[in-house]
Amino acid sequence: MGDPTAAPFEALGQVPIVLYTCLAIVVIAVLVVAGILLLGWWGSLWRNWITSVDHKRLGIMYVVLAVVMLVRGFADAIMMRTHQAMALGEGSGYLPPEHYDQIFTAHGVIMIFFMATPLLFGLFNFVIPLQIGARDVAFPFLNNLSFWLTFAGAILINISLGVGNFGRVGWLAYPPLSGLSGSPDTGVDYYIWSLQLSGVATTMGAINFLVTIFKMRAPGMTLMKMPIFCWSAVVSNALILMIYPVLMAAYIFLTLDRYLGFHFFTNDGAGNPMVWINYVWVFGHPEVYVLVLPAFGILSEVVPVFSSKRLFGYSAMIWALLVILVLSFLVWVHHFFTMGAGIAVNTFFSIMTMIISVPTGVKIFNWLFTMYKGRIRFEPPMLWCMGMIFTFVGGGLTGVMLSLASADWAFHNSAFLVAHFHHTIIGGVVFSYLAGFVFWFPKAFGFKLNRTLGIASFWCWFVGFYVAFFPLYVVGLKGATRRMQHFMDPAWQIYYIVMVVGVFIIALGILSLVLQLILAIIHGCKLKGNLPVGKADPWGDGRSLEWSVSSPPPPYNFATVPQVSTTDAYWQMKVEGKPIKTSGFQPVHMPSNTAAGFWIGIFALILGFALVWHIWWLVMLCFIGAVASFICYSFFGDHDGYYIPAAKVQEHEEAFARIEAKGRKA
Amino acid sequence: MEHIKKISYFFGAAVLMLLLSGCDIAVLQPVGYVSKEMRNLIVVSFVLMLLIVIPVMIAVVVFAFKYRASNKNAEYLPDWGGSHKLEFWMWIIPICMVSILAVLSATYIHKLEPSKVLPESVAGNEPILQIDAVALDWKWLFIYPQYGVATVNEIYAPAGRQVLIQMTAENSVNAFWVPKLGPVLYAMPQMNDKLHLISKEDGVYKGRSANYSGAGFAGMEFDWHSVSRGDFNAWVAKARQSRNRLDRAAYLNLAQASQGNPVAYYSGVEKDLYYRVVNRCVVSGTVCNEELMKIAAAKSLWGQLCSVFDPGVVAVK
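Residues numbered from 1 in each chain as written. Chains lettered and ligands numbered in written order. Predicted model: local features only at pLDDT ≥ 70, side-chain atom pairs only at ≥ 80, totals over all residues. Heavy atoms only, no water.

(A) Geometry of the overall build of chain A. For chain A, the count of helices and strands is 20 helices and two strands. Here chain A has a C-alpha radius of gyration of 25 Å; the compact-globule value for 666 residues is 26 Å, and the two agree. Seen along its three principal axes, the alpha-carbon backbone of chain A occupies a region of about 75 × 60 × 45 Å. A sequence separation of at least 24 residues applies to 82% of the contacts in chain A between residues at least 6 apart. Carbon together with sulfur atoms contributes 72% to the accessible area of chain A, which is approximately 23,300 Å² in total. Distance between charge centroids for chain A: 15 Å, based on 35 positive and 28 negative side chains. (Helix = DSSP H or I, 4+ residues; strand = E, 2+ residues; numbered from the N terminus. Rg over C-alpha atoms; globule rule 2.2 N^0.38 Å. Contact = heavy atoms within 4.5 Å. Areas by Shrake-Rupley, 256 points an atom, 1.4 Å probe, with all protein chains shown as cover. Lys, Arg positive; Asp, Glu negative; His and termini not counted. Charge placed at Lys NZ, Arg CZ, Asp CG, Glu CD.)

(B) Geometry of the side chain of serine 178 of chain A. Residue and element names in this part refer to chain A. Summarising the element assignment, serine 178 is placed in the loop between helix H6 (140-159) and helix H7 (187-215). A relative accessible area of 0% means that serine 178 is categorised as buried. A distance of 2.9 Å separates the side chain of serine 178 from the backbone oxygen of alanine 173, its partner in a polar contact. What serine 178 contacts, discounting residues up to four positions off in sequence, is Val169, Ala173, Ser183, Val188, Leu254 and Arg258. (Buried < 20%, exposed > 50% of the residue type's maximum accessible area, 1.4 Å probe, protein only. Polar contact = N/O pair within 3.5 Å; in protein donor to acceptor, adjacent residues only side chain to side chain.)

(C) Here's a closer look at the nonpolar core. Phe113 and Trp276 of chain A are the most contacted members of the largest nonpolar core, which totals 275 residues. Among the elements that make up this core, the one with the highest residue count is helix H5 (residues 97-131) of chain A (21 residues). Two domains each donate at least three residues to this core, and these are domain 1 (20-70 + 84-112) and domain 2 (120-278) of chain B. Beyond its immediate chain neighbours, meaning those up to four positions away, phenylalanine 113 of chain A contacts Pro118, Trp171, Leu195, Tyr244, Leu247 and Phe283 of chain A. Listed in part, the 35 residues of the second largest apolar core include Ala133, Val163, Leu185 and Val236 of chain B. (Core = buried A, V, L, I, M, F, W, Y, C linked by side-chain atoms within 4.5 Å. Domains from an automatic or database assignment.)

(D) Expanded view of the sheet that holds strand S8 (residues 193-197) of chain B. Residue and element names in this part refer to chain B. If you trace the six strands from one edge of the open sheet to the other, you get S8-S5-S1-S2-S3-S11, paired in mixed fashion. Unpaired on one side and paired on the other, S8 and strand S11 (264-267) mark the two borders of the sheet. Strand-to-strand twist in this sheet, taken as the mean axis angle between neighbours without regard to direction, amounts to 20°. Its contacts with the sheet place helix H5 (residues 229-240) against strand S1 (129-136), strand S2 (139-144), strand S3 (149-152) and S11, and it is angled at close to 75° to S11. (Pairing = 2+ DSSP bridges. Axes fitted to C-alpha atoms, helices over the stretch in contact; angles between N-to-C directions.)

(E) Representation of the pairing of S3 of chain B within the structure. All names here are of chain B. With burial as the criterion, each face of S3 is covered, one bearing Val149 and Thr151 and the other bearing Ala150 and Val152. In this sheet, S3 lies alongside S2 in antiparallel orientation, the contact comprising four bridges. For phenylalanine 142, the partnering residue across the bridge sits in S3 and is threonine 151. Linkage of S2 to S3, two consecutive antiparallel strands, is achieved through a turn of four residues, within which glycine 148 is found at a positive phi near 70°. Taken together, the four bridges between S3 and S11 define a ladder with antiparallel strand orientation. Each bridged residue has a counterpart across the sheet, and for valine 152 the counterpart in S11 is alanine 264.

(F) Main features of the packing of helix H9 (residues 273-307) of chain A against helix H14 (residues 415-445) of chain A. Residue and element names in this part refer to chain A. Taken N-terminus to C-terminus, the directions of H9 and H14 make an angle of 50°; their axes are 8 Å apart at the nearest point. Classified by the interaxial angle, the pair formed by H9 and H14 is oblique. Read as a crossing pair, H9 and H14 show a hand that is left-handed. On H14, the residues that touch Val290, Leu291, Val292, Pro294, Ala295, Ile298, Leu299, Glu301, Val302, Val305 and Phe306 of H9 are Gly428, Val429, Ser432, Tyr433, Ala435, Gly436, Phe439 and Trp440. Per-class residue counts for the contact of H9 with H14 are 15 nonpolar, three polar and one charged. (Parallel < 35°, antiparallel > 145°, perpendicular 65-115°, else oblique. Left-handed = near helix turned anticlockwise from the far one by under 90°. Nonpolar A, V, L, I, M, F, W, Y, C, P; charged D, E, K, R; others polar.)

(G) Seen up close, the pattern of salt bridges. Residues and elements named next belong to chain B. Tallying each qualifying case throughout the model produces 17 salt bridges over all chains. The residue glutamate 170 makes a salt bridge to arginine 280 at a minimum N-O spacing of 3.5 Å. Linking glutamate 170 in the loop between strand S5 (163-169) and strand S6 (174-177) with arginine 280 in the loop between helix H7 (273-278) and helix H8 (289-299), this pair joins segments that are 110 residues apart in sequence. Given a relative accessible area of 22%, arginine 280 falls into the partly exposed group. Residue arginine 208 pairs with glutamate 221 through a salt bridge whose shortest N-O separation is 2.8 Å. With arginine 208 in strand S9 (residues 203-209) and glutamate 221 in strand S10 (residues 221-227), this pair connects stretches of sequence that are 13 residues apart. The pair formed by arginine 208 and glutamate 221 is uniform in burial state, with each residue classed as buried. (Salt bridge = Lys/Arg side-chain N within 4 Å of Asp/Glu carboxyl O.)

(H) Fine view of the sheet that holds S10 of chain B. All names here are of chain B. A sheet is described by the order of its strands in space; here five strands give the open sequence S4-S10-S9-S6-S7, paired in mixed fashion. Two strands lie at the open edges of the sheet, namely strand S4 (154-158) and strand S7 (185-187), each paired on one side alone. On average, each strand axis in the sheet is tilted by 25° relative to the strand beside it, whichever way the strands run. Note that S9 and S10 share six bridges and pair antiparallel. Bridged to glycine 207 within S10 is phenylalanine 222.

(I) Here's a closer look at the interface of chain A and chain B. Residue-level contacts link 98 residues of chain A with 90 residues of chain B. Summed over both partners, the interface of chain A with chain B comes to about 8,100 Å²; 74% of that surface belongs to carbon and sulfur atoms. Per-residue buried area on chain A facing chain B is highest for Lys373, Arg375 and Trp409 of chain A; these three make up 10% of the total on that side. Counting every contact that joins chain A to chain B gives one salt bridge. Between glutamate 75 of chain B and lysine 373 of chain A there is a salt bridge, and its shortest N-O distance comes to 2.8 Å. Our enumeration of links across chain A and chain B arrives at 28 residue pairs in polar contact (both at pLDDT 80 or more). Elements with a minimum of two residues in the side of chain A that touches chain B: H5, H9, helix H10 (314-327), helix H11 (343-371), helix H12 (380-403), helix H13 (405-411), helix H15 (451-478) and helix H16 (493-526) of chain A. The greatest single-element share of the side of chain A that touches chain B, amounting to 17 residues, is contributed by H11 of chain A. For the side of chain A that touches chain B, the residue count by class is 59 nonpolar, 29 polar and ten charged. (Buried area = accessible area lost by both parts, 1.4 Å probe.)

(J) Quick peek at the side chain of serine 209 of chain B. Relative to the helices and strands, serine 209 of chain B is located in strand S9. Only 2.8 Å separates the side chain of serine 209 of chain B from the side chain of asparagine 174 of chain B, close enough to count as a polar contact. Look past the residues within four positions of serine 209 of chain B in its chain and what remains in contact with it is Thr481 of chain A together with Trp140, Asn174, Ala175, Phe217 and Met220 of chain B.

Remember, this is a structural readout, not a statement about activity or role.
Structure (structure tokens):
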């Protein structure tokens, strides 16, 4: 079979794009590190961020990781689209198959596992404890460890850009193509180990948030008084807890095939590759709901605030979420209606798939009736939400068409399918997450992102999406398959050129987003990083508890744990006109920072790298290092925490009360 | 704002023009019985879904406009958060729609199940033309067992005669797809899938693999020539004259990975070659999967429980 670890630097030597990209990344990395060291920021970075166990800071770090990975995954998208627009008929484009096949794999893997998932956990981290009136998550150290393992996974899979190669197998890596016979190099090994790392991190994160939500809600906040975003997090994390172990087990089987000559998914030795397809889709379909349910949760928070009105159908929302939780496990076969499974199987899964559209439709109606008879303000978060509703129903339309098994036989694996899932993922997930991002940004930093750029970003994404993906529906119906490095029919070129235009419009949207962040960073630099205490509710009409504390919130979140009596806890406080408490505080107990998570992450990263390249002594060393760090932390770490003195709490709360009073007069 | 509107109108118009340019949209302009039925289902489901989707899209825009904050004349009910009547309808409308679609889907799944022989009213009672397809790295091998010939990357079939394609793959999962004729169906290693198709018109239709299978995947295309019976017979005669023989050794040679293969013909196809490909016993000295399963089943209860292996390869009588 040959040695998978032969020729680690082949791509660097032979593909100029790879060489220059790697050089650029190395230069930027060196500049960033040098900058941090020269400006003397390292100590502060280490104390305040890297070793922090504060859920707000970890949330922000997750979002930063996600934005970087968004740019990385989007660069892949640009390359794919520009290549395809050139590679028709006589044209051959600029990416040979062995390179192109890596790029579409990278795009899928990075966008799902290292962009969407970290962004999701960033929002969970920042918002959930604040929304339920808690001072932190249940397991702050575990939270820090989760982040660093996710980070290690993201770095590991990106190392494959320069050293070795990315898998050429698609994001779910069907064997035998992903077995040693189909992929005799290190691409699939990078894929397996980095996803194992992120899988462990995601599973731990799910446990953390489930425990946090079930055990740490403010007194009076019963489950049926909890904000919908937290409800969506419960369902999403419950799904994660059930599906990630399936994926990780499947990866272990594939690892045994590739490393030890087992025969789970090989064509010889009584292996059966088709079993894999069931494993990955038992994971893969609920994963879609892991991502989209919190998106629904975000809309259920944002739409009421900008409609200045109660959420319509609160309990219907929760029931719809729970119905989806159950149904999402009964539909995975719709990803392979074309396997020839027979009438009974196809009929069952076709009907189950359609039924999911009922609770989803109910949610859409709920948001619509939340807007109905409201006072709608067109701030960027609300634009994203309206764009989401408008676009997502279209994705739902093609989704229902795909759920009719006999119609799916004409769409399966075609560009039509690709257009559909981008319709729901961009229109449903990305628009909502960005709505959440701009919505909670002022809570995290005390000031809003630039509004003009925010509106520009929305319109570029919105228009760009339709220009980039509607031609894809058409070429799909014309018979274009996905994952094509070259098309025979030159008549399709015009469609691919239009798609490229759409991609660049979306690129302008991402650019606007990045510019917004740069402006925010400049603003922060002017203040030398000391963000002043801002008012609680910068959007006005905030309804849930996160808007009741200062922006940015103090490290301890709530000076006194709030009492909750209704679904919209902060709205109720405002109605009652409760004054902000400014005296009689107790010292607040806080968990201590720890470097253990960081070091375990570093060991895990090197461990993954050593496993990919079969460097067994290093594998042993790093494994022992990671376990030893964990044990050392358990026995010798600082578990006592520290107290923020009452005087300091009082100082912050008084400053906050002054800001609030000023706001009310104005 | 105005500019953005103008630009979006421009692109909307451009997309619409592309849509309506009357060019060839394979899935919506089918030529076979199965694909025409599929087209009907697609159109009906699309229109039914539009009945819900278009009102929602309009409602988003209308509500956003009517209840904008600056419109102080619009009614404002900040504490209104539920209405049993409305909620009843928002569950019942999707449920009704899904019920209709479910009946539709079940009907069509029964009617168009690929492994089922097409009804006589559609296909007549002419004997079925059988083609055994093997997806290789990266080309298609089509064996005509009734005629003892085989081709690479080309299908000839008489228009109006029912065709049974049973398919498998040598290595990776591929999928057989002729968009103008019918469904995508997986060609999987160690498995045998059956697809019944019929073309109603003469013509040349593009076919290809619809499941990514590695470096040469993009080139896995073939032409389906739907021709008169006379032309078909002439084509068979031409293939029979080929001096290439397809025995097990020649098959193993052909199965080596290669790209951009031209059309090729084989005569003298070894009997039960396709059975051996499905059961992975082309290499001499290897035991066929079916045999292995029988041995395992005879040995232990566990082997018996796990031996559900029945590739169901149709042999030519």
